[in-house]
Amino acid sequence: MILYCSGQTPRSRCGKKFIREILSAGSVRWTKHAKDEIEKDNISIEDVISTLRAGTAEPGEWENDGWRYRVRTNRFYVVVEFDEENPLLIVITAWRVNK
């Protein structure tokens, strides 16, 4: 599977499309920072995956030599980036929304 934006869609706006494709046919990797934050905020893996599937993906931001996408729901934020050569979604961090 190769990830690409269709037509004239700016690369920064392809996050949700890539997330859906990778969740259905690729792999997810968790950074140490993501694991630490998820544990600290008492967030389950299921919460993170649900946020990625159902949340709103904000336009990507170029950071540390890659596009990062923040996905949000009313309860959580999750930041991801992609390894486009391999269908791999990398979870950078996640946190619980405080209300």
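Look above for the structure.
Residues numbered from 1 in each chain as written. Predicted model: local features only at pLDDT ≥ 70, side-chain atom pairs only at ≥ 80, totals over all residues. Heavy atoms only, no water.

This brings us to the overall build of the protein chain. In terms of regular secondary structure, the protein chain is built from three helices and six strands. When the helices and strands of the protein chain are listed from N to C terminus, the series reads α-β-α-α-β-β-β-β-β. For the protein chain, the proportion of contacts with a sequence separation of at least 24, taken over those separated by at least 6, is 48%. Put simply, the protein chain shows about 6100 Å² of open surface, and 45% of that area lies on carbon and sulfur atoms. (Helix = DSSP H or I, 4+ residues; strand = E, 2+ residues; numbered from the N terminus. Contact = heavy atoms within 4.5 Å. Areas by Shrake-Rupley, 256 points an atom, 1.4 Å probe, with all protein chains shown as cover.)

So, on to helix H2 (residues 32–40). Because an α-helix completes one turn every 3.6 residues, residues spaced three or four positions apart along the sequence face the same direction. Every buried residue of H2 is listed here: Ala 34, Glu 37 and Ile 38. The buried residues of H2 occupy one face: seen down the axis, they fall within an arc of 100 degrees. Exposed residues pointing more than 90 degrees away from the buried face of H2 are listed as Lys 32, Glu 39 and Lys 40. Residues of H2 that are buried sit in contact with strand E1 (27–30), helix H3 (45–54) and strand E6 (88–96). Looking one or two residues beyond H2, the residue adopting positive phi is Asn 42, at roughly 55 degrees. (Buried < 20%, exposed > 50% of the residue type's maximum accessible area, 1.4 Å probe, protein only. Arc of directions from axis to C-beta.)

What follows covers the nonpolar core. In this structure, Ile 19, Val 48, Leu 52, Val 78, Val 80, Phe 82 and Leu 89 are the most contacted members of the largest nonpolar core, which totals 21 residues. Listed by contribution, the elements that provide at least two residues to this core are helix H1 (15–25), H2, H3, strand E4 (66–72), strand E5 (76–83) and E6. In this structure, Val 78 is in contact with Val 48, Thr 51, Leu 52, Tyr 69, Arg 70, Val 71, Val 91, Thr 93 and Ala 94, ignoring residues within four places of it in sequence. (Core = buried A, V, L, I, M, F, W, Y, C linked by side-chain atoms within 4.5 Å.)

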